[in-house]
Amino acid sequence: MSVLKNRSTLRWLVPLAAAVTVVGGGAAIGTFAANAEPALPPRSAAQLLVDLQTARLDGLSGTVVQRADLGLPPLAGLAGGDAALLTGTHTLRVWYSGPDRQRVALLDTLGERDVIRSGRDVWTWDSKANTATHRTLPESTGRAAEGALPVTPKDAAEQALAAVDPSTLVTTGRSATVAGRDAYELVLTPRDEASLVHQVRIAIDATEHVPLRFEVLADGADRPAFEVAFTQVDYRRPDADQFTFNPPPGVKVTEEAAGRPGPKAGAQLKDGKPDAQRPGAGDAGLRTVGTGWTTVLVARTGAADAARTPAGDAAKPGPADGPDAAQALDLLNGLPKVSGDWGSGRLFAGKLFSVLLTDDGRVLAGLVTPERLYQAARG
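Residues numbered from 1 in each chain as written. Predicted model: local features only at pLDDT ≥ 70, side-chain atom pairs only at ≥ 80, totals over all residues. Heavy atoms only, no water.

## A short note on the sheet that holds strand β16 (residues 286-289)
Thought 1: If you trace the 6 strands from one edge of the open sheet to the other, you get β16-β17-β21-β20-β19-β18, paired in antiparallel fashion. Pairing within the sheet leaves two strands with one partner each, and these edge strands are β16 and β18 (337-340). In this sheet, neighbouring strand axes are inclined to one another by 25° on average, regardless of whether the strands run parallel or antiparallel. (Pairing = 2+ DSSP bridges. Helix = DSSP H or I, 4+ residues; strand = E, 2+ residues; numbered from the N terminus. Axes fitted to C-alpha atoms, helices over the stretch in contact; angles between N-to-C directions.)

## With respect to the confidence of the model for the protein
Thought 1: Mean pLDDT over the protein stands at 75; residues scoring 70 or higher make up 66%.
Thought 2: Considering each helix and strand of the protein separately, the mean pLDDT is smallest for strand β14 (residues 269-270), with a value of 38, and largest for β18, with 96.
Thought 3: Counted against residues more than four places away or in other chains, residues 304-315, with its pLDDT under 50, gives 11 contacts. (pLDDT = per-residue confidence, 0-100. Contact = heavy atoms within 4.5 Å.)

## Some words on the environment of T295
Thought 1: Structurally, T295 is set in the loop between β16 and β17 (296-300).
Thought 2: Only 2.8 Å separates the side chain of T295 from the backbone oxygen of G292, close enough to count as a polar contact. (Polar contact = N/O pair within 3.5 Å; in protein donor to acceptor, adjacent residues only side chain to side chain.)

## A short note on the packing of aromatic side chains
One pair of aromatic rings is described through two measures. These are the centre distance and the angle between the planes.
Thought 1: Considering all chains together, one arrives at 4 aromatic pairs under this definition.
Thought 2: With centroids separated by 5.1 Å and ring planes inclined at 50°, the aromatic side chains of W123 and F245 adopt a geometry described as tilted. Of this pair, W123 sits in strand β5 (residues 121-126) while F245 sits in the loop between β12 (226-234) and β13 (252-256); the two residues are 122 residues apart in sequence, bridging distant segments of the chain. Across the pair, F245 and W123 agree in class, each one buried.
Thought 3: Between W342 and Y374, the aromatic rings sit 5.2 Å apart at their centres with planes inclined by 10°, giving stacked as the arrangement. Placement of W342 in the loop between β18 and β19 (343-349) and of Y374 in helix α7 (residues 370-378) is noted, with a sequence separation of 32 residues between them. Side by side, W342 and Y374 carry an identical accessibility label, which is buried.
Thought 4: A connected cluster of aromatic rings, assembled from ring pairs, spans W123, W125 and F245.
Thought 5: Over the ring of W95 we find R103, and its NZ or CZ is 5.2 Å from the ring centre. (Phe/Tyr/Trp six-rings, centres within 6.5 Å; stacked < 30°, edge-to-face > 60°. Buried < 20%, exposed > 50% of the residue type's maximum accessible area, 1.4 Å probe, protein only. Lys NZ or Arg CZ within 6 Å of the ring centre and 35° of its normal.)

## Focus: unusual backbone geometry
Thought 1: Even without a glycine there, the phi angle at A179 is positive, about 50°.
Thought 2: You can see A179 is positioned in the loop between β8 (176-178) and β9 (181-190).
Thought 3: Phi is positive for H209, close to 60°, though the residue is something other than glycine.
Thought 4: Among the secondary structure elements, H209 is positioned in the loop between β10 (197-205) and β11 (211-218).
Thought 5: Classification of H209 by relative accessible area gives partly exposed; the value is 21%.

## Topic: the side chain of S97
Thought 1: Its place among the elements puts S97 in the loop between β2 (87-96) and β3 (101-108).
Thought 2: With a relative accessible area of 7%, S97 lands in the buried category.
Thought 3: Filtering out sequence-adjacent residues up to four positions away, S97 remains in contact with D58, G59, R237, P238 and F243.

Below is the structure:
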């Protein structure tokens, strides 16, 4: 049975697309304004890397604008939630007061969605849906806060540094004025021609050494396919009440479990990993092939389970799935068919990444050419 007749494919495609956009360079904070180049003392790429690594930030607040032009079909919009950030332009407000006090508010014409962390408490609030979720983090939770807040200056710098390895050419670019601040530019260029990323450009505050602009340019393009930017920034520590959430009257509050369950006690390990984390271990099997800019994510969509469904049932979404599922399935069926010594399936080729959906139930995605996906599919 074709993977496109399995509705679990719809769960995998958009999250994979979101994940591959940060495999190479990560996500950082920036701005779109392009003013005259300020006169700054020369600094080498090595010095800018040290600046990023040693930056100390006590507090920050500001307005961030994100723009994505990845050449995606409307599938990302159908998925809703954070996947909607993969298309169009979005405005966010951010507040940062250390690794355990952070807030991000996504603003739109119909309301806002907030993620607020204060110590071990994490709140998410959707004003349009009039709902809120509360979660208490375990005491061992560190900087990442289990992914609670995807946008912080420190995370941005760390992800940028993680992209610097022998597969990356690191140079300096032009100085710039970003959100009213003088900034240096660090340029990361993948050496592997199989990568669809031409360059990642990071504007770094000349004084505070905080990332102020992050742009990803695809091969053959002179306009960023993805950029996140400060349009206004203030380095004063925000007031403590910015990180206190009191649910408005009438909001439905849900208490959520603290974190993902780890492997059960006594679970057998193979190659240092529980069976559930190994490739092909059920519907949650997710693995990577390759390293650096040409990393390919490989997921199993559970097509084997779909194959046991009576003929025709999986090909058409049921009434409970709604029109969005039917539209998404139509989009997937509209992708071009491809085949080779790796098998057969359908291919989506975007500006920055490619996605291969094989008929044997795999989804492969990466910031790479389709040929690199075919190589991974053979393995």
